Amino acid sequence: MGYYEFKITVADESRDALLQGISAIGCLGVVEHDGSLTAYFSDTIGIDAIRKGLDAFRGVLASSGLNSDIAYEYVFISERDWNESWKKKFKPIDVGEHFSILPPWEEKVAGRINLIIDPGMAFGTGHHETTKTCLLYIERFSHRVSKERFLDVGTGTGVLAIAASFLGFASVLGVDIDPLAIDAAQRNARHNNLKNVEIREGSITTAGGTYDFIAANLMSEILISIAPELASRLTPSGVALLSGMIVGQEDEVIAVMENAGLRYRETFIDGRWVTVIMSR
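Engineer: Explain the overall build of the chain to me, please; I cannot follow it from the model alone.
Structural biologist: A tally of helices and strands in the chain yields 9 helices and 14 strands. When the backbone C-alpha atoms are referred to their principal axes, the chain occupies close to 50 × 45 × 30 Å. Residues counted as buried form 49% of the 280 residues belonging to the chain. Long-range pairs, those at least 24 residues apart, make up 66% of the contacts in the chain with a sequence separation of at least 6. As displayed, the chain offers around 12,400 Å² of accessible surface, 50% of which is attributable to carbon and sulfur atoms. Considering the chain, the positive charge centre built from 26 side chains and the negative charge centre built from 37 side chains are found 5 Å apart.

Okay, structure coming up:
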């Protein structure tokens, strides 16, 4: 098994639309640069399907009145090469007042909460804006809720679940529909010697009971689709942290969450990314 790495050149005005478009194709992660994107796709999708989807999206951009000039090149990355590539690219990063995120081959940072993350074939190292924002808010709100149960929906590498455990939550559950993410998150829980973090394959429907803190760093369409399930799992005094939205998508997400029984509290915007806090 491997991945395709696409380097895509796109006009700034079309970037947000393209991000949504490649997510629909099955993009698993994106690194943004000035004037370009690096996007990753599982080889199980098939290179012809990926290229066809990108080529067709030019017409979508044109019909929306956006610049439709898209150019791309790609390479295949084997699982072995992927792991070696991460060792070169993944550098330690400090987030918030307490967290340092680093791979297993780096020395721990004294005086910080060290989150040991080996992404493997999954995405979520803490370098993306939404992951950093989620960590900041988990750090901030963990002192305002009961620390009995924490739920991370779409856990990826498990970085948010692992952070919650270090902040004192007694029981932590991370769920994800991607088997590669499950493998990575379970491995990372072991790297951090955590016994109270459970990683479970499946959607939010596999998470029983209620939770004092729910984190969901997902695309807006998924947040909207799981709103009733998410609301039903939040304790009366709990906090829901919703991220992964692009600016302009948050109003619909908030409205759907409110219809499901949650109350809007605040919004944080980092560049083009939006994070929303909801409660009962």
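Engineer: Quick question: what am I supposed to make of the packing of helix α1 (residues 15-25) against helix α2 (residues 47-63) here?
Structural biologist: The geometry of a pair of packed helices is captured by two quantities: the angle between their axes and the separation between those axes. Contact geometry for α1 and α2: axes closest at 10 Å, N-to-C directions at 145 degrees. When you trace α1 past α2, the crossing you get is right-handed. Residues Ala17, Leu18, Gly21, Ile22 and Ile25 of α1 form the contact with α2, whose participating residues are Ile50, Gly53, Leu54, Phe57 and Leu61. Of the residues contributing to the contact of α1 with α2, the split by class is 8 nonpolar, 2 polar and no charged.

Engineer: Whenever I open this one, the nonpolar core confuses me. Can you help?
Structural biologist: Soluble globular proteins tend to bury their nonpolar side chains together. The biggest cluster of nonpolar side chains holds 33 residues, and the ones touching the most others in it are Ile101, Leu115, Leu135, Phe150, Phe213 and Leu241. Counting residues per element, this core draws most heavily on helix α5 (residues 159-166), which supplies 6 residues. If you look at the next biggest cluster of nonpolar residues, it comprises 26 residues, including Leu218, Leu234, Leu242 and Ile254.

Engineer: So what exactly am I meant to see when it comes to the environment of Thr267 here?
Structural biologist: With respect to the helices and strands, the residue Thr267 is situated in strand β13 (residues 263-270). Classification of Thr267 by relative accessible area gives partly exposed; the value is 30%. Along the backbone, Thr267 and Met219 are 48 residues apart, and their C-alpha atoms lie at a distance of 16 Å. If we skip the residues at most four places from it in the chain, Thr267 touches Ile254, Val274, Thr275 and Val276. Within the structure, the side chain of Thr267 is placed 2.8 Å from the side chain of Tyr264, a separation counted as a polar contact.

Engineer: Could you clarify how one ought to interpret the pairing of strand β2 (residues 29-33) in this entry?
Structural biologist: Within a regular strand, side chains alternate between the sheet's two faces. Inspection of the sheet shows β2 paired to strand β3 (residues 36-42) by 5 bridges, in the antiparallel sense. Across the sheet, Val31 pairs through a bridge with Thr38, a residue of β3. Taking the residues that link successive antiparallel strands as the turn, the β2-β3 hairpin has 2 residues, and the phi of Gly35 there is positive, at about 80 degrees.

Engineer: Would you explain the packing of aromatic side chains in this entry?
Structural biologist: Each aromatic ring pair is summarised here by two numbers: the centre-to-centre distance and the angle between the ring planes. For the structure shown, the criterion picks out 10 aromatic pairs. Centre to centre, the rings of Tyr137 and Phe268 are 6.1 Å apart; their planes meet at 65 degrees, and the pair counts as edge-to-face. Residue Tyr137 is found in helix α4 (residues 129-141), and its partner Phe268 is found in strand β13; the two are separated by 131 residues along the sequence. Grouping aromatic residues by their ring pairs yields a cluster made of Tyr4, Phe6, Phe41, Tyr72, Tyr74 and Phe76. Here the guanidinium or amino end of Arg144 rests over the ring plane of Phe141, the centre of that ring lying 4.7 Å away. The ring of Tyr211 has Arg149 lying over it, and the distance from NZ or CZ to the ring centre is 4.2 Å.

Reading guide: rules and limits
Residues numbered from 1 in each chain as written. Predicted model: local features only at pLDDT ≥ 70, side-chain atom pairs only at ≥ 80, totals over all residues. Heavy atoms only, no water. Helix = DSSP H or I, 4+ residues; strand = E, 2+ residues; numbered from the N terminus. Buried < 20%, exposed > 50% of the residue type's maximum accessible area, 1.4 Å probe, protein only. Contact = heavy atoms within 4.5 Å. Areas by Shrake-Rupley, 256 points an atom, 1.4 Å probe, with all protein chains shown as cover. Lys, Arg positive; Asp, Glu negative; His and termini not counted. Charge placed at Lys NZ, Arg CZ, Asp CG, Glu CD. Axes fitted to C-alpha atoms, helices over the stretch in contact; angles between N-to-C directions. Left-handed = near helix turned anticlockwise from the far one by under 90°. Nonpolar A, V, L, I, M, F, W, Y, C, P; charged D, E, K, R; others polar. Core = buried A, V, L, I, M, F, W, Y, C linked by side-chain atoms within 4.5 Å. Polar contact = N/O pair within 3.5 Å; in protein donor to acceptor, adjacent residues only side chain to side chain. Pairing = 2+ DSSP bridges. Phe/Tyr/Trp six-rings, centres within 6.5 Å; stacked < 30°, edge-to-face > 60°. Lys NZ or Arg CZ within 6 Å of the ring centre and 35° of its normal.

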